[in-house]
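A closer look at the structure
Each chain is listed here by its residues.
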Amino acid sequence: EAVETERMAAIGQASAGIGHCIKNILVGVKGGAEFVDLPIETNEMKYIQKGWPLVRRSVDRMEDLVLNLVTFSREREPERTPIDVNALVKEIADTLKTQAERAKVSIELVRGELPRVPLDGLGIYRAILNLVTNAIDACDKREDGVVIVRTELAQPEALVRIIVEDNGAGIPPEEMQNIFTLFVSHKGGRGTGLGLPVSQKILKEHGGAILCDSTVGQG
């Protein structure tokens with residue numbers, strides 16, 4: 001009975017978390033749809049230009065939510081192939097360029113000399129994408145937001161590090177202990193509380209680790 005009670009509590013927490021995420025996304029879909037409805041009535045296409053980006057971003061957020069849920073819920077062994085980590089972070093920066101520009105944030109790459117590394121490319125891509133997205137979001141109230149993605153090879157252990165830095169708001173000490181807790185987000189309606197737990201899971205599957213250091217007001 002105790003196990004069943006704990007299981008039902010976990011299911012309830014997960015359902016509430018997912019429901020909250022979907023509700024926030026649907027607010028964006030509904031708002032965009034209302035703009036799209038207007039030109040049907042008025043024949044003024046300017047409303048399409050306002051509404052469609054809202055719908056598009058909401059669809060992207062829904063896709064992100066589903067991919068994170070699938071990644072977190074399934075135990076898997078990484079499918080490793082030799083990966084160019086520097087090319088991977090460049091691809092991530094290119095993918096998020098429009099989002100960063102919209103937030104008035106610049107993304108800078110500082111790439112060290114690295115060998116090709118046996119990694120699950122799709123998994124590591126997802127983990128770093130989550131971190132860079134968080135870093136962009138953390139800079140949203142600055143006029144000079146900067147996100148730096150740095151790669152380096154630490155010797156003598158031949159340890160590959162991928163470092164994501166931002167000059168955003170920073171994380172208060174009382175919140176730091178919960179950043180890898182499922183469904184805990186400090187982004188309000190924009191966050192799902194899945195990105196960091198998923199990134200942590202992917203890194204652990206690779207035998208790696210994810211660490212965080214932050215100072216309030218500095219990033």
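Scroll up to find the structure this text is about.
What counts and what doesn't
Residues numbered from 1 in each chain as written. Predicted model: local features only at pLDDT ≥ 70, side-chain atom pairs only at ≥ 80, totals over all residues. Heavy atoms only, no water. Helix = DSSP H or I, 4+ residues; strand = E, 2+ residues; numbered from the N terminus. Buried < 20%, exposed > 50% of the residue type's maximum accessible area, 1.4 Å probe, protein only. Contact = heavy atoms within 4.5 Å. Areas by Shrake-Rupley, 256 points an atom, 1.4 Å probe, with all protein chains shown as cover. Pairing = 2+ DSSP bridges. Axes fitted to C-alpha atoms, helices over the stretch in contact; angles between N-to-C directions. Polar contact = N/O pair within 3.5 Å; in protein donor to acceptor, adjacent residues only side chain to side chain. Core = buried A, V, L, I, M, F, W, Y, C linked by side-chain atoms within 4.5 Å. Salt bridge = Lys/Arg side-chain N within 4 Å of Asp/Glu carboxyl O. Arc of directions from axis to C-beta.

**Overview of the overall build of the chain**
- When its secondary structure is counted, the chain shows 7 helices and 5 strands.
- Going from the N terminus to the C terminus, the chain shows its helices and strands as α-α-β-α-α-β-β-α-β-β-α-α.
- Looking at the 219 residues of the chain, the share that counts as buried comes to 32%.
- At a minimum sequence separation of 6, the contacts of the chain that also span at least 24 residues come to 71%.
- Accessible area of the chain: about 13,300 Å², with a carbon and sulfur share of 56%.

**Let's talk about the sheet that holds strand 4 (residues 145–154)**
- The 3 strands are arranged 2-4-5 in an open sheet whose pairing can be described as mixed. The open sheet terminates on both sides in strands that have one partner only, identified here as strand 2 (105–111) and strand 5 (159–166). Going across the sheet, the axis of each strand differs from the next one's by a mean of 10°, ignoring polarity.
- Bridge count between strand 4 and strand 5: 8 bridges; the pairing is antiparallel. Bridged to Val147 within strand 5 is Asp166.
- Sheet contacts for helix 3 (residues 85–95): strand 2, strand 4 and strand 5; angle to strand 2, the most-contacted strand, approximately 175°.
- Strand contacts of helix 5 (residues 121–138): strand 2, strand 4 and strand 5, with the helix running at about 25° to strand 5, the strand carrying the most contacts.

**A look at the environment of Arg111**
- With respect to the helices, strands and loops of the structure, Arg111 is situated in strand 2.
- Considered as a pair, Arg111 and Arg150 are 39 residues apart in the sequence and their alpha carbons are 5.6 Å apart.
- Residues in contact with Arg111, not counting those within four places in the same chain, are Asn86, Val89, Lys90 and Thr151.
- At 3.4 Å, the side chain of Arg111 and the backbone oxygen of Asn86 are in polar contact.

**Description of the nonpolar core**
- Among the nonpolar cores identified, the biggest contains 29 residues, and Ile92, Val132, Ile136 and Val147 are the most heavily contacted of them.
- Elements that contribute at least two residues to this core include exactly helix 3, strand 3 (117–119), helix 5, strand 4 and helix 7 (195–205).
- In terms of residue count, helix 5 provides more of this core than any other element does, 9 residues in total.
- The contacts of Val147, once residues within four sequence positions are left out, are Val105, Ser106, Ile107, Glu108, Val132, Ala135, Ile136, Cys139, Val164, Glu165 and Asp166.

**Remarks on the pattern of salt bridges**
- Across all of its chains, the model carries 4 salt bridges by this definition.
- One salt bridge in this structure joins Arg161 and Glu152, with 3.0 Å as the shortest N-O distance.
- With relative accessibility at 26%, the residue Glu152 sits in the partly exposed group.

**A closer look at helix 3**
- Among the residues of helix 3, those classed as buried are Val85, Asn86, Leu88, Val89, Ile92 and Ala93. For helix 3, the arc enclosing every buried residue in end-on projection is 160°, short of the 170-degree limit, so these residues lie on one face.
- A distance of 3.1 Å separates the backbone nitrogen of Asn86 from a side-chain oxygen at the start of helix 3, and that oxygen is part of Asp84.

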